[in-house]
Amino acid sequence: MSKPLDGIRILDFTHVQSGPTCTQLLAWMGADVIKVERPGVGDATRKQLVDVEGADSLYFTMLNHNKRSLTLNSKTPEGKEVLTKLVKECDVLVENFAPGALDRMGFGWEAIQDLNPRMIMASVKGFGPGPYEECKVYENVAQCAGGSASTTGFRDGVPVVTGAQIGDSGTGLHLAFGILAALLQREKTGRGQRVLAAMQDGVLNLCRVKLRDQQRLKAGPLKEYSQFGEGIPFGEATPRAGNDSGGGQPGRILKCKGWETDPDAYTYFITQAAVWEKICDVIGKPEWKEDPDYATPPARLPHLNEIFGAIEDWTMTKTKYEVMEICNPLDIPVGPILSMKELAEEPSLRETGTIVECDHPERGPYLSVGCPVKLSDNDVTVTRSPLLGEHTDEVLSEVLGYSAEDIARFKQAGAV
Ligand code: COA
């Protein structure tokens, strides 16, 4: 079966997490992704958080599936010769170097356009143009600078970063979207263009509802926040809302049976207005259906602590799965808190390819997250990440057409 990005060749100059997430997605959509790495060194993550001595780390393997690895020292004359040819042969250059690194290498946007006007040059940077554009940025810095940390955690605690890598993987996703749009536009214009995804912008995009609340504050307190019911005044900025739901329907994380010993024996529970009467019946409070203090959403807002306390008295008598079994048929929105262990062992996620097992020559079998987007005409087979320089000769000869003598010359010069 053909793939959506068949025939698209990516010069993958990415490292660490944000850029590699993007190019891995493109590879899963069928692009030929050639990952360029420094000879003898490679992507720094190959040797970060090592769990099997001598093998590429899970950090690297889980972000670089379905790619080819070419080693290249782009700062040597021979390396520049190869890179020049790569730029001419590829459709997209993706990079997430520190600001200015590509210019210092001699491959800034003007140089790229001169070599290949059809090329799309896509970059992840920490910040867009402005006072911080020269800064190097990592995941948690982006979460802090993009509004996530200030709105995550509990009101009376410090700002908290989330486990979801919204700065790195989130920005990689944004960049992939930009690249696909630029590829489509190139069909009409014949020209490439620059695509920039700044990590601060990507995080802020994902925190959109918090900027919504910032503006709503002008109209008065945010009544769906728990702090309203607790009588605590709001300040000037969107506060941390604990586990309150981000939408207009109040929700919280509640204890379930076994919470005393199992750190994940919890459920999310939303008091969706449309199913309020069913909630009252399930938790044994039928009198709340008619009581004017509880019958309508506005009436309930000052009583949320009491209401969720009563719901929790009920959820604590059930496992998180039992809560789901009882509430789902009634359309009461609940969600069990699933641990990574439970997700890794969940058979249905294996069946859909969302969790996959790969085999690796150095480390043996390992689990990874497969392609999270399913297309009916693109059956993704996840193949293991490449060893450092595994495809150097193959790319130099098959893609770039170099002879065996040329390749020997590059090797002698330490360029590949
Ligand atoms: N051949 C020769 N030189 C190479 C090379 C290659 N194949 N690959 C990289 N280099 C060089 C770069 O040109 C750069 O040299 P310079 O400093 O002389 O210009 C050097 O290696 C270091 O690259 P850099 O990207 O600056 O790495 P770093 O370790 O200093 O910084 C980050 C790492 C992630 C902080 C930085 O790349 C960054 O801010 N990236 C943008 C934001 C981002 O993606 N952050 C999230 C990462 S998950």
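Overview of the sheet that holds strand β4 (residues 92–95)
Point 1. Strand order in the open sheet formed by six strands is β3-β2-β1-β4-β5-β6, and the pairing between neighbours is parallel. Here the strands that pair on one side only, and so sit at the sheet edges, are β3 (68–71) and β6 (194–198). The mean angle between the axes of side-by-side strands here comes to 20°, regardless of whether they run parallel or antiparallel.
Point 2. As paired strands, strand β1 (residues 9–13) and strand β2 (residues 32–37) are joined by four bridges and run parallel to one another. In the sheet register, R9 faces β2, and the bridge partner there is D32.
Point 3. In this fold helix α8 (residues 199–206) packs onto β5 (120–125) and β6, with an angle of close to 65° to the strand it touches most, β6.

What to know about the packing of aromatic side chains
Point 1. Overall, the coordinates contain six aromatic pairs when judged by the stated rule.
Point 2. Relative to W288, the ring of W276 has its centre 6.2 Å away and its plane inclined at 10°; by these criteria the two rings are stacked. Remark: W288 occurs in the loop between α11 (276–282) and α12 (297–300) and W276 occurs in helix α11; sequence separation between them is 12 residues.
Point 3. By relative accessible area, which is 2% here, W276 ends up buried.
Point 4. Centroid distance Y402 to F410: 4.9 Å. Interplanar angle 85°. Geometry classified as edge-to-face.

A look at a positive patch on the surface
Point 1. On the surface, R38, K75, R104 and K136 cluster together into a positively charged patch.
Point 2. Locating R104 in the fold gives a position in helix α4 (residues 101–105).
Point 3. The exposure class of R104 is exposed, given its relative accessible area of 62%.

Focus: the packing of helix α17 (residues 392–399) against helix α18 (residues 404–412)
Point 1. Interhelical geometry of α17 versus α18 gives an angle of 135° and a closest axis separation of 10 Å. As the angle between them shows, α17 and α18 are arranged oblique. The chirality of how α17 crosses α18 is right-handed. Contacts from D393, L396 and S397 in α17 reach I407, F410 and K411 in α18.
Point 2. For the contact of α17 with α18, the residue count by class is three nonpolar, one polar and two charged.

Concerning the pairing of β4
For a regular strand, side chains alternate in direction, first toward one face of the sheet and then toward the other.
Point 1. Side-chain alternation along β4 places V92 and V94 on one buried face and L93 and E95 on a second face that is also buried.
Point 2. Sheet topology note: the β1/β4 ladder contains four bridges and is parallel. Its bridge partner being in β4, D12 is matched across the sheet by V94.
Point 3. Relative to β5, β4 runs parallel, the two sharing four bridges. Counterpart to V94 in the pairing with β5 is A122.

Reading the values: the criteria
Residues numbered from 1 in each chain as written. Predicted model: local features only at pLDDT ≥ 70, side-chain atom pairs only at ≥ 80, totals over all residues. Heavy atoms only, no water. Pairing = 2+ DSSP bridges. Helix = DSSP H or I, 4+ residues; strand = E, 2+ residues; numbered from the N terminus. Axes fitted to C-alpha atoms, helices over the stretch in contact; angles between N-to-C directions. Contact = heavy atoms within 4.5 Å. Phe/Tyr/Trp six-rings, centres within 6.5 Å; stacked < 30°, edge-to-face > 60°. Buried < 20%, exposed > 50% of the residue type's maximum accessible area, 1.4 Å probe, protein only. Patch = residues over 30% accessible without salt bridge, like charges linked within 9 Å, V, L, I, M, F, W, Y side chains within 5 Å. Areas by Shrake-Rupley, 256 points an atom, 1.4 Å probe, with all protein chains shown as cover. Salt bridge = Lys/Arg side-chain N within 4 Å of Asp/Glu carboxyl O. Lys, Arg positive; Asp, Glu negative; His and termini not counted. Charge placed at Lys NZ, Arg CZ, Asp CG, Glu CD. Parallel < 35°, antiparallel > 145°, perpendicular 65-115°, else oblique. Left-handed = near helix turned anticlockwise from the far one by under 90°. Nonpolar A, V, L, I, M, F, W, Y, C, P; charged D, E, K, R; others polar.

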